[in-house]
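Geometric and topological summary
Here's the letter readout for the chains.
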Amino acid sequence: HPGSSAHDATQPVRNQTQLEGTPAMTDPRGPWGPLAEPVHVDKQIGAEDPPWRENAFFSLNDREQRCFIIAHFQGGRTDAGMFARVSILQDDHLTEIYEPLAAMTFTSEHVSLDLSGRITAKTVEVELDVTLTPLRVPVDYSPSSALPGLKKSEPLQHFEQAGLFTGTVSTKIGRASCRERV
């Protein structure tokens with residue numbers, strides 16, 4: 001092809017999977033980088049400021065096991081509107097946990113997000129324990145202003161990262177060992 005060149009084997013391939021411990025994963029906060037920062041309890045919010053939210057959203061899919069999981073945590077300064085939600089679709093059967101969160105936390109009565117990479121949930125109907133492993137460095141959408149801020153002086157902070165998951169899920173349908181496959 002015109003303009004193509006042979007790949008230099010001494011240089012990393014850009015689209016190659018980057019695992020923890022490789023040069024691309026050297027953030028002092030660990031392989032999750034800014035996504036591993038604890039809830040910002042020290043953030044000063046004025047009376048006229050927009051509401052402060054800390055969100056984490058996960059989409060976990062294991063097609064082979066027919067198991068699909070959405071986990072969404074919305075924490076903030078007050079407990080108003082803060083929630084933990086885990087939705088599990090297993091063999092076309094939907095099970096869901098939706099619970100309030102206390103202010104500035106990602107742990108509810110039955111659902112927990114550990115920012116080092118683990119989501120757990122346990123009720124009478126559901127037991128979930130998954131471990132998350134990052135694949136690449138997080139993408140920071142903040143500097144590009146791709147997402148508008150709530151105030152001109154403070155842009156919305158938004159990070160995304162691809163990863164893998166492994167773990168177990170149990171519902172009325174049964175128990176499955178789930179994992180994302182690459």
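This write-up is about the structure you can find in this document. Being a predicted model, the structure only gives us computed values, none of them experimental.

Quick look at the overall build of the protein chain now. Within the protein chain, the regular secondary structure consists of zero helices and 11 strands. In the protein chain, the succession of α and β elements from N to C terminus is β-β-β-β-β-β-β-β-β-β-β. Counting across all 182 residues of the protein chain, residues that qualify as buried make up 31%. Taking the intrachain contacts of the protein chain between residues at least 6 apart in sequence as the baseline, contacts between residues at least 24 apart amount to 49%. Accessible surface computed for the protein chain: about 11,700 Å², of which carbon and sulfur atoms make up 52%.

Glancing now at the sheet that holds strand β5 (residues 111–114). Two modes of strand pairing occur in sheets, parallel and antiparallel, and in both the strands are linked by backbone hydrogen bonds. Ordered in space as β5-β6-β7-β10-β11, the five strands form an open sheet in which the pairing is antiparallel. With one partner strand each, in any of the chains shown, β5 and β11 (174–179) form the two edges of the open sheet. Put simply, the sheet's adjacent strands are angled 5 degrees from each other on average, direction ignored. For strand β7 (residues 127–134) and strand β10 (residues 163–171), the ladder comprises eight bridges, and the chain directions are antiparallel. When the sheet's bridge partners are listed, P134 is paired in β10 with G163.

Attention shifts here to the side chain of E99. Its place among the elements puts E99 in strand β4 (residues 93–100). At 12 Å, R85 is the nearest oppositely charged side chain to E99, a buried residue that forms no salt bridge. Not counting residues up to four positions away in its chain, the partners in contact with E99 are M82, F83, A84, S108, E109, H110 and V111.

Time to look at the state of the cysteines. This structure, assessed with the given rule, holds zero disulfides. The thiol of C178 is unpaired, and the distance to the nearest cysteine sulfur, on C67, comes to 3.3 Å.

What follows covers the sheet that holds strand β1 (residues 53–62). Pairing is antiparallel in the open sheet, where four strands are placed in the order β1-β2-β3-β4. Two strands bound the open sheet, and with one partner strand each, they are β1 and β4. Taken pair by pair, the neighbouring strands of this sheet meet at an average axis angle of 5 degrees, ignoring direction. Both strand β3 (residues 83–90) and β4 contribute to a ladder of eight bridges, which runs antiparallel. If you follow Q90 over to β4, its bridge partner there is H93.

Scanning the entire structure with this criterion turns up five salt bridges. We note a salt bridge from R66 to D91, for which the minimum N-O separation is 3.7 Å. On the criterion of sequence distance, the pair formed by R66 in the loop between β1 and β2 (67–76) and D91 in the loop between β3 and β4 is long-range, its members being 25 residues apart. A single salt-bridge network, built from bridges that share partners, covers R66, D91 and D92.

Our next topic: the nonpolar core. Formed by 30 residues in total, the largest nonpolar core has its most connected members in F58, F73, I119 and L128. For this core, the secondary structure elements donating two or more residues are β1, β2, β3, β5, β6 (118–122), β7, β10 and β11. Per element, the largest residue contribution to this core is four residues, and it comes from β2. Apart from residues lying up to four places away in sequence, I119 is in contact with F58, A71, F73, S112, L113, L128, D129, V130 and L132.

The rules behind these values
- Residues numbered from 1 in each chain as written.
- Predicted model: local features only at pLDDT ≥ 70, side-chain atom pairs only at ≥ 80, totals over all residues.
- Heavy atoms only, no water.
- Helix = DSSP H or I, 4+ residues; strand = E, 2+ residues; numbered from the N terminus.
- Buried < 20%, exposed > 50% of the residue type's maximum accessible area, 1.4 Å probe, protein only.
- Contact = heavy atoms within 4.5 Å.
- Areas by Shrake-Rupley, 256 points an atom, 1.4 Å probe, with all protein chains shown as cover.
- Pairing = 2+ DSSP bridges.
- Axes fitted to C-alpha atoms, helices over the stretch in contact; angles between N-to-C directions.
- Lys, Arg positive; Asp, Glu negative; His and termini not counted.
- Salt bridge = Lys/Arg side-chain N within 4 Å of Asp/Glu carboxyl O.
- Disulfide = S-S within 2.5 Å.
- Core = buried A, V, L, I, M, F, W, Y, C linked by side-chain atoms within 4.5 Å.

In short, shape yes, function no, at least from these values alone.
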